[in-house]
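# Results of the structural survey
These are the residues of each chain, in order.
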Amino acid sequence: GRPGRVAGGTGRSGAVCRAGGLGGVQAREALNACRRPRVAGGGASGPSGAGSGARDTSGYPFCIEFFGAQLWEASTWPAPINDQDYQRWRGAMLQALDRAFFDARLARTSPFERRLLLAIAQDGEAARLRSVVARLGVSNGAAQRTILSLADKGLVFRPERGTIAFAVPLFGEYLRRRNAGGDC
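Only a predicted model underlies this, so the values are computations on that prediction, with no experimental measurement involved. (Residues numbered from 1 in each chain as written. Predicted model: local features only at pLDDT ≥ 70, side-chain atom pairs only at ≥ 80, totals over all residues. Heavy atoms only, no water.)

## A look at the overall build of the protein chain
Applicable threshold: The helix and strand labels rest on DSSP assignments: H or I over at least four residues marks a helix, E over at least two residues marks a strand, and numbering proceeds from the N terminus. Note on classification: 1.4 Å probe, protein chains only; a residue is buried when its accessible area is under 20% of the maximum for its type, exposed when over 50%, partly exposed between these limits. Every residue pair with non-hydrogen atoms within 4.5 Å of one another is taken to be in contact. Method for areas: the Shrake-Rupley scheme with a 1.4 Å probe, in which residue coverage is limited to the protein chains shown.
If you tally the helices and strands in the protein chain, you get eight helices and five strands. N-terminal to C-terminal, the α/β element order of the protein chain is β-β-α-α-α-α-α-β-α-α-β-β-α. Burial analysis of the protein chain (184 residues in total) assigns 45% to the buried set. If you take every contact in the protein chain between residues at least 6 apart in sequence, the share linking residues at least 24 apart comes to 67%. Element-wise, carbon and sulfur atoms account for 52% of the exposed surface of the protein chain, whose accessible area totals about 9300 Å².

Dropping the structure here:
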């Protein structure tokens, strides 16, 4: 699973959230995290857009909370939030997440670290080390040193031998959006 922390400030300090050793929140818990407070506050219950949010966030607590707050702000009280609402507001929520979370993390990287992150993002949210090295045309040692630096910044982790993954859901999608716009 994903690591239990995401680096916030610098290095290993400044955790945004800690999930302990439990990994991500399960889909049912994510649905309840979004639905229960709304119902308790007098909002309507019904088909929820939290299912799409749980899939997008991979059960990552910070992202669930962030998307939940964005959805509540965008929705009409007390109507339920459904999947169509979620899809309609998804772009705006991603832009807000980019500004509030991803931009600052990307700004802390060197040009070569950004190239390596983009090489991972070409495969999605994780990639085989061998493909990244081939794309960059660098030695395995140079890639490994950069991966360690990115791991210290809380941006990547090694879920298994030979694989590199982003430590936060949607980071690969963010990088692909930025790169398509020429901003990376």
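From this point, the discussion proceeds with the structure in view.
## Concerning the packing of aromatic side chains
Definition in use: In this scheme Phe, Tyr and Trp rings, the latter by its six-membered ring, pair at centre separations within 6.5 Å, and the angle between planes marks the pair as stacked below 30 degrees, edge-to-face above 60, and tilted otherwise. Any Lys NZ or Arg CZ that is within 6 Å of a ring centre and within 35 degrees of that ring's normal is treated as a charge sitting over the ring.
For the structure shown, the criterion picks out nine aromatic pairs. An aromatic cluster is present here, built from Phe62, Phe66, Phe67, Tyr86, Phe101, Phe102, Phe166, Phe171 and Tyr174 joined pairwise through their rings. In this structure, Arg105 is placed above the aromatic ring of Phe101, and the distance from its NZ or CZ to the ring centre is 3.9 Å.

## Points about the packing of helix α5 (residues 111-121) against helix α7 (residues 140-152)
Basically, it comes down to this: Axes here mean lines fitted to C-alpha atoms, for a helix over just the part in contact, with angles spanning 0 to 180 degrees between N-to-C directions. Note on terminology: angles under 35 degrees are roughly parallel, angles over 145 are roughly antiparallel, angles of 65 to 115 are roughly perpendicular, and the others are oblique. Think of it as three bins: nonpolar holds Ala, Val, Leu, Ile, Met, Phe, Trp, Tyr, Cys and Pro, charged holds Asp, Glu, Lys and Arg, and polar takes everything else, Gly as well.
The interhelical angle for the contact between α5 and α7, taken along N-to-C directions, is 95°, at an axis separation of 10 Å. Relative to α7, the element α5 is oriented roughly perpendicular. Judged by residue contacts, Phe112, Glu113, Leu116 and Leu117 of α5 engage Ala142, Ala143, Thr146, Ile147, Ser149 and Leu150 from α7. Here the contact of α5 with α7 is composed, by residue class, of seven nonpolar, two polar and one charged.

Take it as geometry only, folks, not as evidence of what the structure does.
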